[in-house]
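# Topology and contacts: notes
Residues per chain are reported as follows:
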Amino acid sequence: MQNFRRIIEYNRKWAGDMIAADPEYFERRAGKQEPHFLYIGCADSRVPADVATGVEPGELFVHRNIANLVLPSDLSAMSVVQYAVEVLDVKHVIVAGHYNCGGVRAAMGDQSYGLVDHWLGPIRNVVRWNRDELEAIGDEQKRFDRVVELNVLEQIYNLSGTPVIQRAWAKGRRPLLHGLVYDLHTGLLHELATGVDSQEAADALADRRMSGTPAGPPARGAATPGAPVLAGDALAEQIAARVAERLAAAGAR
Ligand code: CO
């Protein structure tokens, strides 16, 4: 009970301090929300989405679940994405994973945790599709880190295929999709994929994460047979260049 009282007491003090510093602070934000960002992250208590990004109330529309999954069958996530994109008109959708994610760790192991095992099933697919790359990583922690990253890329790909994002892109190429990973040890957000603004770019990410995995399902997207597979920096540069081009053409978004 003492811990609970602590958060109520803090709240009273915080609200009082904010009003003392700026009497209109809450009133200005109480009306219509116009967030520029939709943040989809893990429910993990160690990832402070708003504190780490310096956003004010009203700037970040948030959806969190275990292991930051974006599943087309998840009515809650899909509703959040639709509302954020079609009603709030967010300009950026961020999928943020984090290293040492307990959900990802559980999906990599054999132990059963009950209902959550069903939820984590898609991550086991990520592990399976990328088995060759993952087995080549000797260090256990590095392999775990890589699954966290591959899972974020997979969710960006899932997001790109939703009717909401497809419709938005067909109209005006908004929002931009970004995949980040938060490091619990440093507080830093690492950029895995930024400025994904088309199915082509999302497909390229999917192809990258599948490359070198002959045992997986067929590579998705419209890759030309025999064409070189872009990877790593080359892909990032190509996406960045295209985004810069479009931003220049369309003005600041
Ligand atoms: Co997590």
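Residues numbered from 1 in each chain as written. Predicted model: local features only at pLDDT ≥ 70, side-chain atom pairs only at ≥ 80, totals over all residues. Heavy atoms only, no water.

## Focus on the packing of aromatic side chains
Heads up, the rule is: Classification of ring pairs uses Phe, Tyr and Trp, with its six-membered ring standing for Trp, and accepts pairs whose centres are within 6.5 Å; under 30 degrees between planes counts as stacked, over 60 as edge-to-face, and the remaining range as tilted. In this text, helices come from DSSP runs of H or I with a minimum length of four residues, and strands from runs of E with a minimum of two, each type numbered from the N-terminal end. Exposure classes here rest on a 1.4 Å probe applied to the protein chains alone. A residue is buried below 20% of its type maximum, exposed above 50%, and partly exposed in between.
Evaluation of the coordinates by the stated rule reveals three aromatic pairs. Relative to Phe 26, the ring of Trp 14 lies with its centre 5.3 Å away and its plane at 75°, an arrangement referred to as edge-to-face. Taken together, the residues span a long stretch of sequence, with Trp 14 in helix α1 (residues 2-21) and Phe 26 in helix α2 (residues 25-30) at a distance of twelve residues. For Trp 14, a relative accessible area of 32% puts it in the partly exposed group. The class of Phe 26 is partly exposed, set by a relative accessible area of 27%. For the pair Tyr 25 and Phe 26, a centre-to-centre distance of 5.1 Å together with 90° between the ring planes defines the contact as edge-to-face. Residue Tyr 25 is classed as buried on the basis of its relative accessible area, which comes to 8%. Three or more aromatic residues link up through ring pairs in this structure, and these residues are Trp 14, Tyr 25 and Phe 26.

## Quick word on the coordination of the cobalt ion
Ideal coordination angles are 109.5 degrees for a metal with four donors arranged tetrahedrally and 90 or 180 degrees for a metal with six donors arranged octahedrally. Under the convention used in this document: Distances define the donors: N, O and S atoms within 2.8 Å of the metal qualify, as do those within 3.2 Å of Na, K or Ca. Water is excluded, so some sites may look unfinished.
Distances from the cobalt ion to its protein donors, Cys 42 (SG), His 98 (NE2) and Cys 101 (SG), fall at 2.1 to 2.3 Å. In primary-sequence terms, the residues that donate to the cobalt ion follow C-x55-H-x2-C. Of this pair, Cys 42 sits in strand β1 (residues 37-42) while His 98 sits in strand β3 (residues 92-98); the two residues are 56 residues apart in sequence, bridging distant segments of the chain. Per residue, the accessibility class of Cys 42 equals that of His 98, and both read buried.

## A look at the packing of helix α7 (residues 121-129) against helix α9 (residues 140-160)
The line we're drawing: Here the axes come from fitting lines to C-alpha atoms, over the contacting stretch only for helices, and the angles between their N-to-C directions go from 0 to 180 degrees. The scheme is simple: roughly parallel for angles under 35 degrees, roughly antiparallel for over 145, roughly perpendicular for 65 to 115, oblique for anything else. Working rule for contacts: check all heavy atoms of both residues, and any pair within 4.5 Å makes them a contact. Amino acid classes used here: Ala, Val, Leu, Ile, Met, Phe, Trp, Tyr, Cys and Pro are nonpolar; Asp, Glu, Lys and Arg are charged; the rest, including Gly, are polar.
In contact at an axis separation of 10 Å, α7 and α9 are set at 110° when each is read in the N-to-C sense. Taken together, the axes of α7 and α9 lie roughly perpendicular to each other. Taking contact as the criterion, the partners of Ile 123, Val 126, Val 127 and Trp 129 in α7 are, on α9, Val 147, Leu 150, Asn 151 and Glu 154. Of the residues belonging to the contact of α7 with α9, the class tally is six nonpolar, one polar and one charged.

## Side note on the environment of Arg 28
With respect to the helices and strands, Arg 28 occurs in helix α2. Sequence-wise, Arg 28 and Gly 58 are 30 residues apart; in three dimensions their C-alpha atoms are separated by 9.9 Å.

## Quick notes on the pairing of β3
Note the threshold: We call two strands paired when DSSP finds no fewer than two bridges between them.
Summarising burial for β3: seven of the seven residues are buried, a large majority. Because side chains alternate across β3, one face comprises the buried residues His 92, Ile 94, Ala 96 and His 98, and the other comprises Val 93, Val 95 and Gly 97, equally buried. The pairing of β3 with strand β4 (residues 176-182) spans seven bridges and is classified as parallel. Within the sheet, the bridge partner assigned to His 98 lies in β4 and is Tyr 182.

## A word on the packing of helix α4 (residues 75-87) against helix α10 (residues 163-172)
Definition in use: It is the rotation of the near helix from the far one that decides the hand of a crossing: anticlockwise by less than a right angle makes it left-handed, clockwise makes it right-handed.
Between α4 and α10, whose axes approach to 9 Å, the crossing angle comes to 15°. By the angle between their directions, the pair α4 and α10 is classed as roughly parallel. Between α4 and α10 lies a crossing whose hand is left-handed. Listed contacts from α10 to Val 81, Gln 82, Val 85 and Glu 86 of α4 are Val 164, Ile 165, Arg 167 and Ala 168.

## Focus: unusual backbone geometry
Despite not being glycine, Ala 67 has its phi angle at roughly 70°, a positive value. Examined against the element boundaries, Ala 67 turns out to sit in the loop between β2 (60-65) and α4. Not every positive phi belongs to a glycine, and Asn 68 is a case in point at roughly 40°. With respect to the helices, strands and loops of the structure, Asn 68 is situated in the loop between β2 and α4. With a relative accessible area of 2%, Asn 68 lands in the buried category.

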